[in-house]
Amino acid sequence: MTAYAIGNLHPKPVLDEEVFTYMERVQGTLDPFGGRFLVHGAPAREVPEGDWPGAVVIIGFPSYENARAWYDSDAYQALIPLRTRHMAGDILLIDGVADGYDPAATAAAMRAASGDRA
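Before going into details, it helps to say that this report is about the structure given with it.

Definitions and limits used
- Residues numbered from 1 in each chain as written.
- Predicted model: local features only at pLDDT ≥ 70, side-chain atom pairs only at ≥ 80, totals over all residues.
- Heavy atoms only, no water.
- Helix = DSSP H or I, 4+ residues; strand = E, 2+ residues; numbered from the N terminus.
- Expected span 1.5 Å × (residues − 1).
- Buried < 20%, exposed > 50% of the residue type's maximum accessible area, 1.4 Å probe, protein only.
- Pairing = 2+ DSSP bridges.
- Bend = angle between axes of the 7 residues up to and from the residue.
- Contact = heavy atoms within 4.5 Å.
- Axes fitted to C-alpha atoms, helices over the stretch in contact; angles between N-to-C directions.
- Parallel < 35°, antiparallel > 145°, perpendicular 65-115°, else oblique.
- Left-handed = near helix turned anticlockwise from the far one by under 90°.
- Nonpolar A, V, L, I, M, F, W, Y, C, P; charged D, E, K, R; others polar.
- 1 Å grid on protein atoms, 1.4 Å probe; cavity = no way out; pocket = protein on both sides within 12 Å on 5 of 7 lines; lining within 4 Å.
- Points joined across faces, edges and corners; volume = space filled by probe spheres on them.

Our next topic: helix 4 (residues 103-114). Between its first and last C-alpha, helix 4 extends 16 Å over 12 residues, near the 16 Å set by a 1.5 Å rise per residue. In the segment just after helix 4, G115 is the residue with positive phi, at about 90°.

Okay, structure coming up:
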């Protein structure tokens, strides 16, 4: 099942040279784990609900295990400070949904588990 690394980053108006170095090297850390950028640092084009300050990064992986192994790898761990010294943010590692996912079935299962048979 596909998994994702998702970042909500808050870059400064002027990026430090270390951030550029991070960007130049990060793909090399993803390649051994099958990671690929789906969204890279894009500010939201539109925020129809709520408030979203920052820039979004979404990286897809073949599995959660690949995502975790990438994040824990020596190569990526060496790059993290190049970003975090200059940019605040939050990073998530999260499973995607299986092919054929049905949100209505999920709602029914959650309703049944809560004891509400509406």
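The next point concerns the pairing of strand 3 (residues 55-61). Of all seven residues making up strand 3, six are buried, and the element is well covered by its neighbours. In this sheet, strand 3 lies alongside strand 1 (residues 3-10) in antiparallel orientation, the contact comprising seven bridges. Pairing of Y4 across the sheet is with G60, part of strand 3. Pairing of strand 2 (residues 36-43) with strand 3, which is carried by six bridges, proceeds in the antiparallel orientation. For H40, the partnering residue across the bridge sits in strand 3 and is V57.

Before going further, it helps to spend a moment on helix 1 (residues 17-30). Within an α-helix, residues lying three or four positions from one another point in the same direction, as the helix has 3.6 residues per turn. With 14 residues, helix 1 extends 21 Å from end C-alpha to end C-alpha; this agrees with the ideal 20 Å at 1.5 Å per step. By the largest-angle criterion, E24 marks the main kink of helix 1, which is about 30°. Of the residues making up helix 1, those classed as buried are V19, T21, Y22, V26, T29 and L30. In this structure, the buried residues of helix 1 make contact with strand 2, strand 3, helix 2 (64-72) and helix 3 (74-84).

Attention now moves to the packing of helix 1 against helix 3. Axis separation between helix 1 and helix 3 bottoms out at 9 Å; the angle between their running directions is 160°. Compared by their axis directions, helix 1 and helix 3 come out roughly antiparallel. Crossing hand, helix 1 versus helix 3: left-handed. Together, E18, V19, T21, Y22, R25, V26 and T29 of helix 1 and A75, Y76, L79, P81, L82 and R83 of helix 3 make up the contact between the two elements. Among the residues making up the contact of helix 1 with helix 3, the classes are represented as eight nonpolar, two polar and three charged.

Looking now at the layout of surface pockets. Vacant regions in the atomic arrangement are exposed by a probe of water-molecule size rolled over the atoms. Here the largest pocket is characterised by a volume of approximately 330 Å³. In this structure, the largest pocket is lined by 22 residues; those nearest its centre are L9, H40, G41, V57 and M87. Only strand 1, helix 1, strand 2, strand 3 and helix 3 provide two or more residues apiece to the lining of the largest pocket. Looking at the lining of the largest pocket residue by residue, the classes come out as 17 nonpolar, three polar and two charged.

On to the sheet that holds strand 2. The four strands are arranged 2-3-1-4 in an open sheet whose pairing can be described as antiparallel. Strands at the two margins of the open sheet, each flanked by one partner only, are strand 2 and strand 4 (88-95). Recorded for the sheet is a direction-independent mean angle of 10° between the axes of neighbouring strands. Most of the contacts of helix 2 go to strand 4, to which it runs at about 145°, and overall it touches strand 1, strand 3 and strand 4.

Function cannot be read off these values alone, since they describe shape.
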